[in-house]
Amino acid sequence: MANHFYLPFERKGKVNYHQLDEYEKYQLSFHPERPKYLDYLKIFSEPEICFRSDDYGACLIQTHRAILEIEDEKIPVMLIGQQTGPTSDYKELTKAMRNNNDMRKWNDGMPTPASYERALKAIDAANKENRIIIIFVDTPGADPTEASEARGIAWRIGDTIHALAEATVPTISIIINRACSGGAIALTGCDITLAMEYSTYLVITPEACASILFHTRSRANEAASASRITSKAGYDLGIVDIIVPEPEGPAHRFKKQAIASLHSHLEKAITELQVIPRNKLFSNRVERWSKIGQWSETTNKEVNAIQRKVSRIPQSKSGGYLKRHKRCYDENGIHIYDPVRFDKLKNNGFVCDICGYRYTRLSIWDCMENLFDKDSFVEHTETKLIIDKDILGFPEYKEKLKSARKKTGLMTSMITGNAKIMGRDIVFCGADFGFFGASFCMSTGEKIWRAAEIAIKNKKPLILQAAGGGARMHEGCSSMVSIPKAHVALTRVEKAGLPVITIITDPTLGGVAIGYGSRGIRLFQKYAGNIGFSGRRVIEQYTGKKTSKDFQTTLWLKKHGHVEHVVTQGNVREEIYLLIKNR
């Protein structure tokens, strides 16, 4: 028994793995003895490590040049593999675990910015050397620390998705174990996605999902079942293309057979991709991603009954002032009681310039009124009737959607349309944080896709206002897979020679940040906060330490070199006009 690790259900004797409940299948997907990326290297010949780095976390993504031999043909490939630990050999792993320094470098399997920087170098080299990119996905999620935020982990993940969207060679991703959150979607936006039979693909861990949904982590099995996280569920939902059988049983007990099975299916996938001429690769990619996601359509009558302008701008008192909030202290600890000038507060996005207190988050209706020429916004008929679809039958999702529509006057978290900025025609996509926290979802991906097509057709700049957090757990991994779809859409606009400009507001986190929030010319609102990958609360819970006082604000990001353009609510129109006036 000591030579192997046994999950609780394995200790009971013989197991019928097909009859495991959803949470047990999740546990199985990251069994410590399941083959890791380096175990799969034996599929290839002449593996040569490349882009090695001593930066912390770089080992979490390994990169190799190699050859895949199919009959008499030797195919050059670039291998990019998430490696969650030193080995899958349990005896060797237990030895390694006695060395804290050695284990610390593996960072609990969570990639850091250095990990994605290594992947980016490999993608670039593969393009130049005409090597097919093969990616092995295996991660519990990306590193949730202040250090990673300081190095711009959101932008590095976004850059990786962007690079795969524009790769000039075929790309294949293989989910070998657990593929969780943005750390996984960074590397799964490929031309074909394979998944091992006992792998899982998920937007949020069952424990975290249960904590949000049921206010207790003890109901993780119910959350796992609701989220549909198995490879078979991914295949049924259209986000996994091929399931690779583990024919004799789970790979942690039958490694050779599982590796051989993947070898066979990988050869078939590459043979299919090689048929596509290189000059048709991107158009095939466009066709593939146009089909990703599911949504419903409503009627104009329903839209007219619900959609209305909702403002969250506070009302100024006599004399153009607002009452100052009760806990305003300056940097010297002096309590400030004076009323605040309404026009100054409005220009600052309703954030106090003394203490950073946010009086309100504006609705998207408020933002559009501030941004566009009067009465110039016209919603797209192509996106107006799109509404969110409850593809999982997720607990209370339909009821919460109804509540969000009533509260915000929107049909979904995103609205798109044509408008004018200082006389210049533009295409706009904007999200409202009041609608499900503007979490990235399938309707968001589809609306960006259609708005991009309208921008290309009419040869107009595309302006996006980013707001929101992670991918929407109520739609499972399908919401997360819509993130690469948005990247492909924005790449199409840029390939057409049109500007893409993204306004970064408070908050822009998780799936929104690594998605459209990472693209184009980014204009950061001066007094915005909560900008990055992991939220402050998640980071503090994980590290057990308080984050910096100005953490994830625009000024903090600028200090760390991630901000070029800073705007205020008062001058954003002029800044955009200057960027588009000659286009």
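Residues numbered from 1 in each chain as written. Predicted model: local features only at pLDDT ≥ 70, side-chain atom pairs only at ≥ 80, totals over all residues. Heavy atoms only, no water.

Visitor: Got a minute to help me understand the overall build of the protein in this structure?
Guide: Along the backbone of the protein there are 23 helices and 19 strands. Computed over C-alpha atoms, the radius of gyration of the protein comes to 24 Å, within 12% of the 25 Å expected from 2.2 N^0.38 for 583 residues, which places it in the range of a compact globule. Principal-axis analysis of the C-alpha atoms gives the protein an extent of 80 × 55 × 45 Å. Here the protein holds 583 residues, and 58% of them are scored as buried. Counting contacts in the protein only where the partners sit at least 6 residues apart, residues at least 24 apart contribute 75% of the total. Put simply, the protein shows about 24,800 Å² of open surface, and 48% of that area lies on carbon and sulfur atoms. Counting 82 positive and 67 negative side-chain charges, the protein places the averaged centre of each group 5 Å from the other. (Helix = DSSP H or I, 4+ residues; strand = E, 2+ residues; numbered from the N terminus. Rg over C-alpha atoms; globule rule 2.2 N^0.38 Å. Buried < 20%, exposed > 50% of the residue type's maximum accessible area, 1.4 Å probe, protein only. Contact = heavy atoms within 4.5 Å. Areas by Shrake-Rupley, 256 points an atom, 1.4 Å probe, with all protein chains shown as cover. Lys, Arg positive; Asp, Glu negative; His and termini not counted. Charge placed at Lys NZ, Arg CZ, Asp CG, Glu CD.)

Visitor: Would you explain the sheet that holds strand β19 (residues 565-567) in this entry?
Guide: Backbone hydrogen bonds hold the strands of a sheet together, and the pairing may be parallel or antiparallel. An order of β12-β14-β15-β16-β17-β18-β19 is seen for the seven strands of this open sheet, with the pairing classed as mixed. Edge strands, defined here as strands with exactly one partner in the open sheet, are β12 (378-379) and β19. Pairing of strand β15 (residues 424-431) with strand β16 (residues 462-468), which is carried by four bridges, proceeds in the parallel orientation. Within β16, the position partnered with Val 427 by the bridge is Leu 462. Here helix α15 (residues 364-371) sits on the sheet and contacts β14 (414-421), β15, β16 and β17 (500-508); the angle it forms with β15, its principal contact strand, is near 160 degrees. (Pairing = 2+ DSSP bridges. Axes fitted to C-alpha atoms, helices over the stretch in contact; angles between N-to-C directions.)

Visitor: Help me understand empty space enclosed by the protein, please; the structure alone is not making it clear to me.
Guide: If you roll a probe as big as a water molecule over the atoms, it shows you where there is empty space left. Scanning all chains against the criterion turns up four cavities of 30 Å³ or more. Taken as a whole, the largest cavity holds about 170 Å³ of empty space. If you go around the largest cavity, you meet 16 residues; those closest to its centre are Arg 361, Leu 362, Cys 367, Thr 505 and Asp 506. The set of elements that each furnish at least two residues to the lining of the largest cavity consists of β16 and β17. In the lining of the largest cavity, the residues fall into five nonpolar, six polar and five charged. Roughly 60 Å³ of internal volume is contained in the second largest cavity. (1 Å grid on protein atoms, 1.4 Å probe; cavity = no way out; pocket = protein on both sides within 12 Å on 5 of 7 lines; lining within 4 Å. Points joined across faces, edges and corners; volume = space filled by probe spheres on them. Nonpolar A, V, L, I, M, F, W, Y, C, P; charged D, E, K, R; others polar.)

Visitor: Can you help me understand the packing of aromatic side chains in this one?
Guide: Here the distance between the centres and the angle between the planes together describe a pair of aromatic rings. Per the counting criterion, the structure on display carries 16 aromatic pairs. Grouping aromatic residues by their ring pairs yields a cluster made of Tyr 37, Tyr 40, Phe 44 and Phe 136. In this arrangement the basic side chain of Arg 219 is found over the ring face of Phe 214, its NZ or CZ atom lying 3.9 Å from the centre. Its end group placed over the ring of Tyr 6, Arg 253 keeps NZ or CZ at 5.0 Å from the ring centre. (Phe/Tyr/Trp six-rings, centres within 6.5 Å; stacked < 30°, edge-to-face > 60°. Lys NZ or Arg CZ within 6 Å of the ring centre and 35° of its normal.)

Visitor: Before we go on, may I ask you to explain the side chain of Thr 568 in this structure?
Guide: With respect to the helices and strands, Thr 568 occurs in the loop between β19 and α23 (572-580). Taking the relative accessible area as the measure of exposure, Thr 568 reaches 17% and is therefore buried. Here the side chain of Thr 568 touches Asn 347 through a polar contact of 3.4 Å, side chain to side chain. In this structure, Thr 568 is in contact with Asn 347 and Lys 526, ignoring residues within four places of it in sequence. (Polar contact = N/O pair within 3.5 Å; in protein donor to acceptor, adjacent residues only side chain to side chain.)

Visitor: Honestly, the nonpolar core in this entry has me stumped. Any pointers?
Guide: Among soluble globular proteins, nonpolar side chains are generally buried collectively. Ile 80, Ile 157, Tyr 201, Ile 448, Leu 462, Tyr 516 and Ile 576 are the most contacted members of the largest nonpolar core, which totals 131 residues. The residues contacting Leu 462, other than those within four sequence positions of it, are Val 427, Cys 429, Ala 451, Ala 452, Ala 455, Leu 490, Val 493, Pro 499, Val 500 and Ile 501. Ile 132, Phe 136, Ala 258 and Ala 269 belong to the second-largest nonpolar core, a separate cluster that totals 31 residues. (Core = buried A, V, L, I, M, F, W, Y, C linked by side-chain atoms within 4.5 Å.)

Visitor: Is there a simple way to explain the state of the cysteines in this structure?
Guide: By definition, a disulfide links two cysteine residues through a covalent bond between their sulfur atoms. Counted by the stated rule, this structure contains zero disulfides. For the unlinked cysteine Cys 50, the closest cysteine sulfur is that of Cys 59, found at 15 Å. Since its relative accessible area comes to 5%, Cys 50 is described here as buried. (Disulfide = S-S within 2.5 Å.)

Visitor: Before we go on, may I ask you to explain the side chain of Ser 173 in this structure?
Guide: Its place among the elements puts Ser 173 in strand β5 (residues 171-180). Leaving out residues up to four positions away in the same chain, Ser 173 has contacts with Ile 135, Val 137, Leu 187, Thr 188, Cys 190, Ile 192, Thr 193 and Leu 194.

Visitor: Where do I start with the environment of Leu 462 in this structure?
Guide: Relative to the assigned elements, Leu 462 resides in strand β16. Along the sequence, Leu 462 and Val 500 sit 38 residues apart, while their C-alpha atoms lie 5.0 Å from each other.

Visitor: Looking at this structure, I do not really get unusual backbone geometry. What am I missing?
Guide: In terms of backbone geometry, most residues other than glycine have negative phi values and most peptide bonds are trans. Of note, the bond from Asp 506 into Pro 507 is cis; its omega dihedral lies within 30 degrees of zero at 0 degrees. Summarising the element assignment, Pro 507 is placed in strand β17. Not every positive phi belongs to a glycine, and His 215 is a case in point at roughly 60 degrees. Among the secondary structure elements, His 215 is positioned in the loop between α8 (206-214) and α9 (220-227). Here the phi dihedral of Asn 530 falls at roughly 55 degrees; this positive angle occurs in a residue that is not glycine. Note that Asn 530 resides in the loop between β18 (521-525) and α21 (536-543).

Visitor: Mind showing me how you'd approach the packing of helix α12 (residues 281-290) against helix α19 (residues 477-495) here?
Guide: Describing two packed helices takes the angle between their axes plus the distance from one axis to the other. α19 packs onto α12 with a crossing angle of 135 degrees between their chain directions and a minimal axis gap of 10 Å. Here α19 runs oblique to α12, going by the angle between their axes. Classified by chirality, the crossing of α19 by α12 is left-handed. Contacts from Phe 282, Val 286, Trp 289 and Ser 290 in α12 reach Val 481, Pro 484, Lys 485, Val 488, Thr 491, Arg 492 and Lys 495 in α19. Taken together, the residues of the contact of α12 with α19 break down into six nonpolar, two polar and three charged. (Parallel < 35°, antiparallel > 145°, perpendicular 65-115°, else oblique. Left-handed = near helix turned anticlockwise from the far one by under 90°.)

Visitor: Explanation requested: the environment of Ser 283 in the structure shown.
Guide: Within the secondary structure layout, Ser 283 lies in helix α12. Measuring from C-alpha to C-alpha, the distance between Ser 283 and Asp 425 comes to 27 Å, with 142 residues separating the pair along the chain. At 2.8 Å, the side chain of Ser 283 forms a polar contact with the backbone oxygen of Lys 280.

Visitor: I keep staring at the environment of Lys 232 and nothing clicks. Help me out?
Guide: Relative to the helices and strands, Lys 232 resides in helix α10 (residues 231-236). C-alpha of Lys 232 to C-alpha of Ser 482: the two residues are 250 residues apart in sequence and 19 Å apart in space.

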